[in-house]
Amino acid sequence: MGTARYLEIAEALRRSILGGEYPVGAQLPSESDLAARWSASRGTVRQGVAVLASEGLIGSRQGARRIVLRHERRHSFAELNSFAQWAQGMGYETSSRILTRTRRPATPTEASRLSVPAGSGILYVLRLRLLDGEPAMLERTAYAEWVAPAVEELAEDCVSIMNSIAERQGIVAQYGEHLIDAVPAGSVDARMLRVRRGSPLLRQRHLTCTATGRPIEWTDDRYVAGSVTFSVSNSSDTAPLSRHAGDLSIPSGD
């Protein structure tokens with residue numbers, strides 16, 4: 001069976017981008033122009049372009065000519081940086097908009113993660129994060145009750161909540177635990193991130209604590225495909241299982 005047509009288009013565009021025909025910051029031709037070039041339907045072209053968006057080579061916004069990014073937006077977990085710190089360090093323009101701030105009882109998961117009794121009060125915040133003016137991530141955060149007042153007094157367009165509460169209230173994050181998976185976009189995700197409902201989103205859930213281990217926030221971040229690449233470095237020096245050449249023995253169960 002031959003290669004799917006949209007994959008052929010994606011590969012041709014990928015070669016053109018990496019070969020310099022479309023430099024970083026340039027716009028790709030319109031979908032109609034690309035369809036005419038390859039004698040393909042606009043739907044097929046759209047599928048091919050979506051492949052490159054998922055790889056981070058081009059911007060992911062629909063309904064507009066795509067911008068060539070070329071370099072991956074790589075976010076490393078080697079350091080505990082906020083989204084804003086990472087974006088600014090990479091040279092991107094970042095902005096945020098708090099959509100809702102609601103006091104409510106914690107869900108069982110939130111209570112467990114924040115180490116509070118079931119039903120304890122938390123502050124739930126829904127926030128949209130943008131990179132270079134484009135929606136990149138929708139953030140759902142449960143803040144512990146003791147942190148809530150500091151978050152409630154911040155402006156809706158606060159770029160970094162964590163930086164702000166550290167500077168104003170001395171609430172400093174020192175430890176982070178991250179869980180990464182993929183989820184389909186729900187109706188709220190689709191509307192705010194400008195993607196189709198059911199589109200794959202990269203989800204990062206993370207718990208942030210103080211130096212003493214006191215939980216600050218439990219967050220569910222959902223990224224548009226291609227907007228960021230997470231980087232995790234590891235070493236056999238820190239692995240719990242030491243491997244030695246020729247040692248393939250399997251320990252017996254107790």
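Structure: see above.
Residues numbered from 1 in each chain as written. Predicted model: local features only at pLDDT ≥ 70, side-chain atom pairs only at ≥ 80, totals over all residues. Heavy atoms only, no water.

Colleague: Before we go on, may I ask you to explain the overall build of the chain in this structure?
Modeller: What the chain contains, in helices and strands, is eight helices and eight strands. Of the contacts formed within the chain by residues at least 6 apart in sequence, a portion of 60% connects residues at least 24 apart. Accessible area for the chain stands at about 13,900 Å²; split by element, carbon and sulfur atoms hold 49% of it. (Helix = DSSP H or I, 4+ residues; strand = E, 2+ residues; numbered from the N terminus. Contact = heavy atoms within 4.5 Å. Areas by Shrake-Rupley, 256 points an atom, 1.4 Å probe, with all protein chains shown as cover.)

Colleague: Quick question: what am I supposed to make of the nonpolar core here?
Modeller: Within soluble globular proteins, side chains that are nonpolar tend to cluster in buried spots. With 21 residues, the main nonpolar core has Leu114, Ile122, Leu128, Leu138, Leu193, Val195 and Leu201 as its most contacted residues. When residues of this core are traced back to their parent elements, those giving at least two are helix H5 (108–114), strand S3 (121–131), strand S4 (134–144), helix H8 (187–193), strand S6 (200–209) and strand S7 (215–224). Considering every element that reaches this core, the biggest residue donor is S3, with five residues. Apart from the residues within four sequence positions on either side, Leu128 is in contact with Ser95, Ser96, Arg97, Leu99, Pro135, Met137, Leu138, Met192 and Leu193. By size, the runner-up hydrophobic cluster in this structure holds 19 residues, among which are Ala10, Leu13, Ile17 and Val51. (Core = buried A, V, L, I, M, F, W, Y, C linked by side-chain atoms within 4.5 Å. Buried < 20%, exposed > 50% of the residue type's maximum accessible area, 1.4 Å probe, protein only.)

Colleague: It is not clear to me how helix H2 (residues 31–38) should be interpreted in this structure. Could you clarify?
Modeller: An α-helix turns once every 3.6 residues. As a result, residues three or four positions apart point the same way. Taken together, the buried positions of H2 are occupied by Leu34, Ala35 and Trp38. Looking straight down H2, one finds that the buried residues subtend no more than 100° of arc, so they occupy a single side. Count one or two residues on from H2 and you reach Ser39, which has phi positive near 50°. (Arc of directions from axis to C-beta.)

Colleague: Explain the sheet that holds strand S2 (residues 94–105) here, please?
Modeller: If you trace the six strands from one edge of the open sheet to the other, you get S2-S3-S4-S7-S6-S5, paired in antiparallel fashion. Two strands in the sheet have a free side with no partner beyond their single neighbour: S2 and strand S5 (175–184). Geometrically, the sheet is characterised by an average inter-axis angle of 15° between neighbouring strands, direction not taken into account. The strands that helix H7 (residues 161–169) touches are S2, S3, S4, S6 and S7; relative to S7, the one it contacts most, it runs at about 155°. (Pairing = 2+ DSSP bridges. Axes fitted to C-alpha atoms, helices over the stretch in contact; angles between N-to-C directions.)

Colleague: I tried to follow the packing of aromatic side chains on my own but got confused; where do I start?
Modeller: Two numbers describe a pair of aromatic rings. These are the distance of the centres and the angle of the planes. Taken as a whole and judged by the stated rule, the model has zero aromatic pairs. Against the face of Trp146 rests Arg214, its NZ or CZ located 4.0 Å from the ring centre. (Phe/Tyr/Trp six-rings, centres within 6.5 Å; stacked < 30°, edge-to-face > 60°. Lys NZ or Arg CZ within 6 Å of the ring centre and 35° of its normal.)

Colleague: I'm lost on unusual backbone geometry in this one. Help?
Modeller: One can expect most non-glycine residues to show negative phi and most peptide bonds to be in trans. At Ser39, a position not held by glycine, the phi torsion is positive, near 50°. Checked against the element boundaries, Ser39 lands in the loop between H2 and helix H3 (42–55). For Ser39, a relative accessible area of 69% corresponds to the exposed category.

Colleague: How should I be thinking about the environment of Ala148 in this particular structure?
Modeller: Within the element layout of this structure, Ala148 appears in helix H6 (residues 148–152). Linking Ala148 and Arg103, residues 45 residues apart in sequence, is a C-alpha distance of 8.6 Å. Not counting residues up to four positions away in its chain, the partners in contact with Ala148 are Arg103 and Leu123.

Colleague: Help me out: how do you make sense of the environment of Gln169 in this one?
Modeller: Locating Gln169 in the fold gives a position in helix H7. Overall, Gln169 belongs to the partly exposed group, its relative accessible area being 42%. Taking the C-alpha atoms as reference, Gln169 lies 6.9 Å from Ala150; in sequence the two are 19 residues apart. Those residues within four positions of Gln169 in sequence are excluded, and the remaining contacts are Ala150, Glu153 and Ser164.

Colleague: Help me out: how do you make sense of the pairing of S7 in this one?
Modeller: Across a regular strand the side chains alternate sides, sitting on one face of the sheet and then on the other. Across the 10 residues of S7, 10 count as buried, placing the element largely inside the fold. As judged from the seven bridges shared by S4 and S7, these two strands associate in the antiparallel manner. Each bridged residue has a counterpart across the sheet, and for Met137 the counterpart in S7 is Tyr223. As judged from the nine bridges shared by S6 and S7, these two strands associate in the antiparallel manner. Bridge pairing in S7 places Thr208 opposite Glu217. Taken together, S6 and the strand that follows it, S7, pair antiparallel across an intervening segment of five residues, in which Gly213 is found at a positive phi of about 90°.

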